[in-house]
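As a plain string of letters, each chain reads:
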Amino acid sequence: MRPSLTPTLLQWAETVRVSTPTIAEAALGRLEREAVDRRLEEWSRHGVEIADMRVRVEGREHVEPGQTYVVMSNHMSNMDILVLFHVFPSTLRMVAKIEMRKIPIMGPAMEAAEFIFVDRKNHERARRAIDVARERLTSGVSVWIAPEGTRSADGRLLPFKKGGFVLALGTGAPILPITLTGTHAVMKKGDPRITRHRTVTARFHPPVDVGAWDWERRDELVAHVRGI
């Protein structure tokens, strides 16, 4: 199967479709978190269908109902976002690079939907993003962050940044590691085309209780999660 722009355009149309009412309801002060959850579930499910992805899920029993997590996964494709929102069983928002806020329609919808934007070039703004993520966690939202900070071009795991670990240690929220495989075969970094009929896997690992680590041992915590 050759990569094609057609499913990419269809997915963008789906993004516009679910983003528009979110922006409108936010402007009117009527946006509810449950409505955003439903739209994200619908958006991710349709996106998976458009790409004809076969998604296998392993270990979802490790997700405890009612528990909020700092979700961490490897990151090698824009398809990771679709897959994670498709398989995660409760409310989830992501930490995104600040540049995504500038994308027409999608950026304002993400902001209205309680996504968190981080400016890694500005230390003070990056710290404020961690504060926002802490507020999300305490209000019942699991927060997904890619500790590599960017997509891997070849699938090999990049060094981890520490922001997500600071968040977990500061809140006591357990870290939920997830391993994604196969998404790079659907959409590669730097290539907007999608290859259909691929199988991807999302493997949930047992949560990591950050209470076993303290600030002085955070480097060990980073290495432990990266090892998982």
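Residues numbered from 1 in each chain as written. Predicted model: local features only at pLDDT ≥ 70, side-chain atom pairs only at ≥ 80, totals over all residues. Heavy atoms only, no water.

1. A few points about the packing of aromatic side chains
Here's step 1: Using the criterion set out here, one finds three aromatic pairs in the structure.
Here's step 2: An aromatic cluster is present here, built from W43, F85 and F115 joined pairwise through their rings.
Here's step 3: Directly above the ring of F160 sits R226, whose terminal nitrogen or CZ lies 5.8 Å from the centroid. (Phe/Tyr/Trp six-rings, centres within 6.5 Å; stacked < 30°, edge-to-face > 60°. Lys NZ or Arg CZ within 6 Å of the ring centre and 35° of its normal.)

2. Section: the pattern of salt bridges
Here's step 1: As enumerated under the stated definition, the model contains 13 salt bridges in all.
Here's step 2: When the shortest N-O distance is used, the salt bridge between R39 and E25 registers 2.5 Å. Of the two residues, R39 sits in helix α2 (residues 33-50) while E25 sits in helix α1 (residues 6-27), which places them 14 residues apart along the sequence.
Here's step 3: You can call E25 partly exposed: its relative accessible area is 23%.
Here's step 4: Each of E14, R17 and E42 takes part in one network of salt bridges that share partners. (Salt bridge = Lys/Arg side-chain N within 4 Å of Asp/Glu carboxyl O. Helix = DSSP H or I, 4+ residues; strand = E, 2+ residues; numbered from the N terminus. Buried < 20%, exposed > 50% of the residue type's maximum accessible area, 1.4 Å probe, protein only.)

3. A short note on the pairing of strand β3 (residues 92-97)
For a regular strand, the rule is simple: side chains alternate between the two faces of the sheet.
Here's step 1: Of all six residues making up β3, five are buried, and the element is well covered by its neighbours.
Here's step 2: When β3 meets strand β5 (residues 142-145), the two strands line up parallel, connected through three bridges. Following the sheet pairing, R93 is matched in β5 by V143.
Here's step 3: Where β3 meets strand β4 (residues 116-118), three bridges bridge the pair, whose relative direction is parallel. Paired with V95 across the strands is I116, a residue of β4.
Here's step 4: Regarding topology, helix α4 (residues 106-112) serves as the crossover connection from β3 to the parallel β4, and that connection is right-handed. (Pairing = 2+ DSSP bridges. Right-handed = clockwise from strand over helix to strand, strands pointing away.)

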